[in-house]
Amino acid sequence: MGVSVVTGANRGIGLELAQQLKARGASVVAVCRKGSPELDALGVRVESQINLTEPLAWSKLAERLAHDEIDLLIHNAGVLMADSLEEVDPDEVRAQFEVNAVAPLFLTRALASRLHPGSKVALITSRMGSMGDNTSGGYYGYRMSKAALNAAGVSLAHDLKPRGVAVVILHPGFVRTAMTRGHGQIDPDESVRGLLQRIDELKIETTGRFLHQNGDILPW
């Protein structure tokens, strides 16, 4: 069996993904910039000191996984910086693009040789990246970076399909985590159950869809 790779696995949704995948019997590789006691307690393989905004980190992780086959690659690492038209800062916009959109694309490319027919790639995005669903404005950097991630996900779905690798673009819901400062509608365990169900259902014929964790198809 291959491994299930989860980025941003030291807390929140990523930590819960690692926990639930391990409980299902998967061999989990938890990727993070800095570990946490909660992650260490899971007893999974931890690849730390991986700063996904640094290009060298992509090749570094590829080297660490050089002898592994990847069954599932989940790009979960992300950052949210609230802003408004009056307050939006260009450096914060760039920072969100680097983590939320650029890193998943180039990390997928770096790990592409470890994927095989039947492998799956999941991008944890947000419905805030949907232009059709935007009814409130604001959050420029976050919305733009997640829209860019969605675009990358569709292109990855086309480019990886001939290799037998399926891609799904997933909104986890409004989840109570440190990123949302404890605000939200559901807890990480419920969100992750839905995310894993969507990943289980993913087939090469359905590659490239933008889905809510509850199964709803979301507008672009």
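Residues numbered from 1 in each chain as written. Predicted model: local features only at pLDDT ≥ 70, side-chain atom pairs only at ≥ 80, totals over all residues. Heavy atoms only, no water.

K.L.:
For this particular structure, what's the right way to read the side chain of Asp 68?
P.N.:
Its place among the elements puts Asp 68 in the loop between α3 (55–64) and β4 (70–75). Look at Asp 68 and you get buried, because its relative accessible area is 15%. Polar side-chain contacts of Asp 68 include one of 3.0 Å to the side chain of Arg 45. Apart from the residues lying within four places of it in its own chain, the contact partners of Asp 68 are Val 3, Arg 45 and Arg 114. (Helix = DSSP H or I, 4+ residues; strand = E, 2+ residues; numbered from the N terminus. Buried < 20%, exposed > 50% of the residue type's maximum accessible area, 1.4 Å probe, protein only. Polar contact = N/O pair within 3.5 Å; in protein donor to acceptor, adjacent residues only side chain to side chain. Contact = heavy atoms within 4.5 Å.)

K.L.:
What's the story with the sheet that holds strand β6 (residues 166–171) in this structure? I'm lost.
P.N.:
Within a beta sheet, neighbouring strands are joined by backbone hydrogen bonds and run either parallel or antiparallel to one another. Spatially, β3-β2-β1-β4-β5-β6-β7 is the arrangement adopted by the 7 strands of the open sheet, whose pairing is parallel. Where the open sheet ends on each side, the last strands, each with one partner, are β3 (45–47) and β7 (209–212). Here the average twist between neighbouring strands, direction ignored, is 20°. Bridge count between strand β1 (residues 3–7) and β4: 4 bridges; the pairing is parallel. Looking at the pairing, Val 5 lines up with Leu 73 of β4. Helix α1 (residues 12–23) rests against β1, β2 (27–31) and β4 of the sheet, and its axis sits at about 165° to β1. (Pairing = 2+ DSSP bridges. Axes fitted to C-alpha atoms, helices over the stretch in contact; angles between N-to-C directions.)

K.L.:
Sorry if this is basic, but what is going on with helix α5 (residues 140–160) here?
P.N.:
Owing to its 3.6 residues per turn, the α-helix brings residues three or four apart onto one side. Look at α5: 30 Å from first C-alpha to last across 21 residues, which is about the 30 Å you get at 1.5 Å a residue. On its buried face, α5 is in contact with α4 (90–111), β5 (115–124), β6 and β7. (Expected span 1.5 Å × (residues − 1).)

K.L.:
Could you clarify how one ought to interpret the environment of Gly 2 in this entry?
P.N.:
Positionally, Gly 2 belongs in the segment before β1. Note: C-alpha distance between Gly 2 and Thr 125 (123 residues apart in sequence) is 24 Å. For Gly 2, the contacting residues outside a window of four places in its chain are Ser 27, Glu 69 and Asp 71.

K.L.:
Please explain a nonpolar patch on the surface as it appears in this structure.
P.N.:
Side chains of Leu 85, Val 88, Tyr 140 and Met 144 sit close together on the surface and give an oily, nonpolar patch of about 350 Å² of accessible area. What makes Val 88 partly exposed here is its relative accessible area of 31%. (Patch = residues over 30% accessible without salt bridge, like charges linked within 9 Å, V, L, I, M, F, W, Y side chains within 5 Å. Areas by Shrake-Rupley, 256 points an atom, 1.4 Å probe, with all protein chains shown as cover. Salt bridge = Lys/Arg side-chain N within 4 Å of Asp/Glu carboxyl O.)

K.L.:
What's the story with the packing of α1 against helix α6 (residues 188–201) in this structure? I'm lost.
P.N.:
If you want to describe how two helices pack, look at the angle between their axes and the distance between the axes. Contact geometry of α1 with α6 gives a least axis separation of 9 Å together with a crossing angle of 60°. Judged by the angle between their axes, α1 and α6 are oblique. The element α1 and its partner α6 pack so that their crossing is right-handed. In this structure, α1 uses Gly 12, Ile 13, Glu 16, Leu 17, Gln 20 and Leu 21 to contact α6, whose residues at the interface are Pro 188, Asp 189, Val 192, Arg 193, Leu 195 and Leu 196. Residue classes in the contact of α1 with α6 are distributed as 7 nonpolar, 2 polar and 3 charged. (Parallel < 35°, antiparallel > 145°, perpendicular 65-115°, else oblique. Left-handed = near helix turned anticlockwise from the far one by under 90°. Nonpolar A, V, L, I, M, F, W, Y, C, P; charged D, E, K, R; others polar.)

K.L.:
Can you help me understand the packing of aromatic side chains in this one?
P.N.:
Summed over all chains, the structure comprises 2 aromatic pairs. Considering the side-chain rings of Trp 58 and Phe 106, the 5.1 Å spacing of their centres and the 10° angle between planes classify their relative orientation as stacked. Note that Trp 58 is positioned in helix α3 and Phe 106 in helix α4, a separation of 48 residues in sequence. With relative accessibility at 13%, the residue Trp 58 sits in the buried group. Of the residues examined, Phe 106 reaches a relative accessible area of 27% and is grouped as partly exposed. (Phe/Tyr/Trp six-rings, centres within 6.5 Å; stacked < 30°, edge-to-face > 60°.)

K.L.:
Explain the side chain of Gln 213 to me, please; I cannot follow it from the model alone.
P.N.:
When you line up the elements, Gln 213 lands in the segment after β7. Apart from the residues within four sequence positions on either side, Gln 213 is in contact with His 171, Pro 172, Gly 173, Ile 186, Glu 190, Ser 191, Gly 194, Leu 195 and Arg 198.

K.L.:
So what exactly am I meant to see when it comes to the nonpolar core here?
P.N.:
A general trend in soluble globular proteins is that nonpolar side chains are found buried together. One finds Val 5, Leu 61, Leu 65, Ile 70, Leu 111 and Val 121 to be the most contacted residues of the largest nonpolar core, which totals 30 residues. Those elements that provide at least two residues to this core are β1, β2, α3, β4, α4, β5, α5 and β6. The contact partners of Val 5, leaving out residues within four places of it in the chain, are Val 29, Val 31, Leu 65, Ile 70, Leu 72, Leu 73 and Ile 74. Of all hydrophobic cores here, the second largest spans 28 residues; its members include Val 6, Leu 42, Val 192 and Leu 195. (Core = buried A, V, L, I, M, F, W, Y, C linked by side-chain atoms within 4.5 Å.)

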